[in-house]
Amino acid sequence: MPVIPRSAIGARFIGWGTALPEKVVTNEELSKTMDTTDEWIRERTGIERRHIGGTTASLSIESGRKAIQMAGIDPLSIDALVLSTTTPDRTVPATSAAVQHGLGLRCGAFDVNAACSGFVYALVTGHGLIAMGMKRVLVIGTDTLSRITDWTDRNTAILFADGSGAAVIEAVTGPGQLMGWDFDADGSLEELLYAEIGGTLHMDGKEVFRRAVRIMVDSAEKSLKASGLTANEIDLVVPHQANVRIIEAACKRLDIPMSKTAIVLQETGNTSSASIPLALFDAVANSRVKSGDNVLLVGFGAGMTAASAVIKWNQS
Ligand code: UT7
């Protein structure tokens, strides 16, 4: 379990933004083209509708531009772009190249792919770059899962969707916001959720569900321990938005009430890399987070990966 050295240069969020495609597809609409119902999808997943459309680069540029505008900074002052995506627009080059150009950045740019855990991987990597001397890093989580979804498969088509969330983090003089973090992966579980290059998603939903709860709880406990906090000191949990029943089961095991969770999946479906920033910045927009709050981000995904981080909101 990594413990952040006291001497490490810290960072905090100075701007953020999100993007969702305009086109909305409701459960009702899906039930017209496949053997499912609005009631089943709501009860078994919590999802009511999802946003579909755009490319990974176009959504990333939209959320990234909002984050830079909110931060009120010159794009040329950004030292690196880290883009988390499992749905790149091209095999080569990395989608971050198109995003870097689209945002007018002149800095290093690379993609991170850890499926639905990816945003937390990218965010911690961004903090690591700042610890190594960078001043500002743009971290984006974007996925366009609708492009790799088989729209005749009710097992997956009801879940997956598109979206993006971005944040600018900046070096600070104090300890910064990141208090503890954890990364995990178990490649022996690759067959539970995969898409071949050019193919669509295949998923053993029941098994992913079962393991998701366990690995989320395990990762969250490691981050809590690293940050020196207990579960009841967490003010808000921002879990990967896959299925509300997975979130309920994980929170129950962590002994954190559902009233302390950020949930947007009823509106967004599962947007993979975008799901944690969409939920986090929605909670912030709705004044559910105040300065000094302890926020636990926790994701899981194909790989199977897991990642978590404890953030002290607005800490410099
Ligand atoms: O980012 C990670 C991504 N993946 C996940 O997080 C997925 C995790 N898994 C899940 O969220 C859930 O397992 C699903 C939502 C995929 C499925 O829910 P479930 O409660 O595990 O359903 P089930 O597979 O046990 O199926 C229950 C019943 C079955 O019918 P019978 O055998 O009881 O007659 C299924 O055939 O529901 C049926 N069913 C459906 N019915 C209507 C399965 N999918 C659907 C559907 N609409 N879309």
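See the structure printed just above.
Notes on the structure in this doc start here. The shown structure was predicted, so the numbers you read here are calculated from the model rather than taken from an experiment. (Residues numbered from 1 in each chain as written. Predicted model: local features only at pLDDT ≥ 70, side-chain atom pairs only at ≥ 80, totals over all residues. Heavy atoms only, no water.)

## A closer look at the site of the ligand
- Within the structure, the ligand sits among 23 residues, and T36, R154, K206, N243 and R245 are positioned closest to it.
- Contacts to the ligand include T36, whose side-chain N or O atom sits 2.6 Å from a nitrogen atom.
- G205 places a polar main-chain atom, nitrogen or oxygen, 2.9 Å from a nitrogen atom of the ligand.
- Contact with the protein chains removes 73% of the 950 Å² of surface that the ligand exposes when unbound. (Near = heavy atom within 4 Å. Polar contact = N/O pair within 3.5 Å; in protein donor to acceptor, adjacent residues only side chain to side chain. Areas by Shrake-Rupley, 256 points an atom, 1.4 Å probe, with all protein chains shown as cover.)

## A closer look at the sheet that holds strand 1 (residues 11-19)
- Spatial strand order, 1-7-6-4-5: 5 strands in an open sheet with mixed pairing. Looking at the sheet topology across the chains shown, the edges are occupied by strand 1 and strand 5 (108-112). Geometrically, the sheet is characterised by an average inter-axis angle of 15° between neighbouring strands, direction not taken into account.
- By the bridge criterion, 5 bridges tie strand 4 (residues 80-84) to strand 6 (residues 136-144) in an arrangement that is parallel. Opposite L83, over in strand 6, you have I140 as the bridge partner.
- In the packing of helix 5 (residues 118-131) onto the sheet, contacts are made with strand 1, strand 4, strand 5, strand 6 and strand 7 (162-171), and the angle to strand 6 comes to roughly 165°.
- Here helix 10 (residues 275-285) sits on the sheet and contacts strand 1 and strand 7; the angle it forms with strand 1, its principal contact strand, is near 100°. (Pairing = 2+ DSSP bridges. Helix = DSSP H or I, 4+ residues; strand = E, 2+ residues; numbered from the N terminus. Axes fitted to C-alpha atoms, helices over the stretch in contact; angles between N-to-C directions. Contact = heavy atoms within 4.5 Å.)

## With respect to the nonpolar core
- Of all hydrophobic cores here, the largest spans 47 residues; its most connected members are V208, I234, I246, I256, L296, F300 and M304.
- Listing elements by their share of this core, those giving two or more residues are helix 7 (205-227), helix 8 (244-254), strand 12 (294-301) and strand 13 (305-312).
- Considering each element in turn, this core owes the most residues, 8 residues, to helix 7.
- For this core, the domains that each give at least three residues are domain 1 (10-172) and domain 2 (178-312).
- Once residues within four sequence positions are removed from consideration, M304 is found in contact with D184, A185, D186, L189, L192, V208, R211, A212 and I215. (Core = buried A, V, L, I, M, F, W, Y, C linked by side-chain atoms within 4.5 Å. Buried < 20%, exposed > 50% of the residue type's maximum accessible area, 1.4 Å probe, protein only. Domains from an automatic or database assignment.)

## Some details on the pairing of strand 1
- Counting buried positions over the 9 residues of strand 1 gives 7, a clear majority of the element.
- Bridge analysis of strand 1 against strand 7 gives 8 bridges, and the strand direction is antiparallel. Looking across to strand 7, one finds that G15 is bridged to V168.

## Section: the pattern of salt bridges
- Counted under the stated rule, the structure contains 12 salt bridges.
- As a salt-bridge pair, R42 and D38 come within 3.0 Å of each other at their nearest N and O atoms. With R42 and D38 both in helix 2 (residues 38-45), this residue pair falls 4 residues apart, about one helical turn.
- The exposure class of D38 is buried, given its relative accessible area of 18%.
- Through salt bridges that share partners, D38, R42, E48, R49 and E267 make up one connected network. (Salt bridge = Lys/Arg side-chain N within 4 Å of Asp/Glu carboxyl O.)

Remember, this is a structural readout, not a statement about activity or role.
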